[in-house]
Amino acid sequence: MTTDDPLHPHSHDPNPEPPSDDPTLLLVLTDGRSHPIPFPTLQQLPETTMPRCFIISTGHGTSGPFAFTGVTLHDFAQVYITGEWAHVEVISGDGFGCRVWANEAKETLLAWGIDGRTLTRREGCVRLIVPSERDDALRQVKWVSEIRVRSPE
Ligand SMILES: Nc1nc2c(c(=O)[nH]1)N[C@H]1C(S)=C(S)[C@@H](COP(=O)(O)O)O[C@H]1N2
Ligand SMILES: [Mo]
């Protein structure tokens, strides 16, 4: 099924083409205010490396293991989000996306590095890495462009 809702994306039809060259993230807080986060700023946040990650891609096989480096969603939230939050919507420039719940934040990475070097834009920079995902890379969102914070109902 195809819809225009990035949180219900086309299933398993991986897009190889970056939607733009710009890796800036836009953080949208629960009060509607938004903050652009330039790529160098993201790289200065507390760093975590998750070794032995695989991208199990539909159609073109499994790649990895990779060691992805970036900031965990937990550490990112410590810096940028005040107050309680329930989940974030992680949206890419090509209209893909998923939700990540607060209890997954320590195990979720906003990745800007791979195997000791910077991820290329073509490789998905900035890429969401959810190692627990088992649905053929549906949550391994490339080219994250927006993070929308949602508070508990
Ligand atoms: N932005 C974006 N991220 C995406 C996709 C996409 O189409 N757009 N496809 C997903 C799916 S279904 C797959 S299988 C993988 C493919 O990842 P790869 O290009 O690194 O192999 O990316 C995931 N992340
Ligand atoms: Mo996929």
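Just above, that's the structure.
Worth saying up front: this structure is predicted, and the values here are computed from it rather than measured. (Residues numbered from 1 in each chain as written. Chains lettered and ligands numbered in written order. Predicted model: local features only at pLDDT ≥ 70, side-chain atom pairs only at ≥ 80, totals over all residues. Heavy atoms only, no water.)

1. Considerations on the packing of aromatic side chains
One pair of aromatic rings is described through two measures. These are the centre distance and the angle between the planes.
Then, in step 1: For the coordinates displayed, the defined rule picks out 2 aromatic pairs.
Then, in step 2: Ring centres of phenylalanine 76 and tyrosine 80 lie 5.0 Å apart, and the angle between their planes is 45°; on these two criteria the pair is classed as tilted. Pair noted here: phenylalanine 76 and tyrosine 80 are both in helix H2 (residues 73–80), with a separation of 4 residues, about one helical turn.
Then, in step 3: Here phenylalanine 76 falls in the buried class, since its relative accessible area comes to 1%.
Then, in step 4: For tyrosine 80, a relative accessible area of 22% puts it in the partly exposed group. (Phe/Tyr/Trp six-rings, centres within 6.5 Å; stacked < 30°, edge-to-face > 60°. Helix = DSSP H or I, 4+ residues; strand = E, 2+ residues; numbered from the N terminus. Buried < 20%, exposed > 50% of the residue type's maximum accessible area, 1.4 Å probe, protein only.)

2. A few points about the site of ligand 1
Then, in step 1: Taken together, 20 residues are adjacent to ligand 1, and Ser57, Asp94, Arg127, Gln140 and Lys142 come closest.
Then, in step 2: Between ligand 1 and arginine 127 there is a distance of 2.8 Å, counted from an oxygen atom to a side-chain nitrogen or oxygen.
Then, in step 3: A distance of 2.9 Å separates a nitrogen atom of ligand 1 from a polar atom in the backbone of glutamine 140.
Then, in step 4: Burial of ligand 1 by the protein amounts to 93% of the accessible area it has alone, namely 540 Å².
Then, in step 5: Across the shell around ligand 1, the residue classes tally to 7 nonpolar, 8 polar and 5 charged. (Near = heavy atom within 4 Å. Polar contact = N/O pair within 3.5 Å; in protein donor to acceptor, adjacent residues only side chain to side chain. Areas by Shrake-Rupley, 256 points an atom, 1.4 Å probe, with all protein chains shown as cover. Nonpolar A, V, L, I, M, F, W, Y, C, P; charged D, E, K, R; others polar.)

3. Comments concerning H2
Then, in step 1: Of all the residues in H2, the buried ones are Leu73, Phe76 and Ala77. The buried residues of H2 all sit within an arc of 100° when viewed along its axis, so they share a single face. (Arc of directions from axis to C-beta.)

4. Side note on the pairing of strand S2 (residues 34–37)
Then, in step 1: In terms of strand pairing, strand S1 (residues 25–28) meets S2 through 4 bridges, oriented antiparallel. Paired with leucine 27 across the bridge in S2 is histidine 35.
Then, in step 2: Taken together, S1 and the strand that follows it, S2, pair antiparallel across an intervening segment of 5 residues, in which glycine 32 is found at a positive phi of about 90°. (Pairing = 2+ DSSP bridges.)

5. Quick look at the side chain of glutamate 133
Then, in step 1: Tracing the chain through its elements places glutamate 133 in the loop between strand S9 (127–129) and strand S10 (144–150).
Then, in step 2: Buried charge glutamate 133 goes without a salt bridge, the closest partner of opposite sign being arginine 134 at 6.0 Å.
Then, in step 3: A distance of 2.9 Å separates a polar side-chain atom of glutamate 133 from the backbone nitrogen of alanine 137.
Then, in step 4: Not counting the four nearest positions on each side in its chain, glutamate 133 is found in contact with Leu138, Arg139 and Gln140. (Lys, Arg positive; Asp, Glu negative; His and termini not counted. Salt bridge = Lys/Arg side-chain N within 4 Å of Asp/Glu carboxyl O. Contact = heavy atoms within 4.5 Å.)

6. Re the sheet that holds strand S6 (residues 97–101)
Then, in step 1: Sheet architecture is open: 5 strands sit in the order S2-S1-S10-S5-S6, paired in mixed fashion. Here the strands that pair on one side only, and so sit at the sheet edges, are S2 and S6. Going across the sheet, the axis of each strand differs from the next one's by a mean of 20°, ignoring polarity.
Then, in step 2: As paired elements, S1 and S10 share 3 bridges and run parallel to each other. Across the sheet, residue valine 28 finds its bridge partner in S10, namely arginine 148. (Axes fitted to C-alpha atoms, helices over the stretch in contact; angles between N-to-C directions.)

7. A few points about the pattern of salt bridges
Then, in step 1: Throughout the structure, instances matching the rule amount to 7 salt bridges.
Then, in step 2: Arginine 33 is the salt-bridge partner of aspartate 31, the closest N and O atoms lying 2.8 Å from each other.
Then, in step 3: As a salt-bridge pair, arginine 150 and glutamate 89 come within 3.0 Å of each other at their nearest N and O atoms. One end of the pair, arginine 150, is in strand S10; the other, glutamate 89, is in strand S5 (residues 87–92), with 61 residues separating them in the sequence.
Then, in step 4: Residues participating in the shared-partner salt-bridge network are Glu89, Glu146, Arg148 and Arg150.

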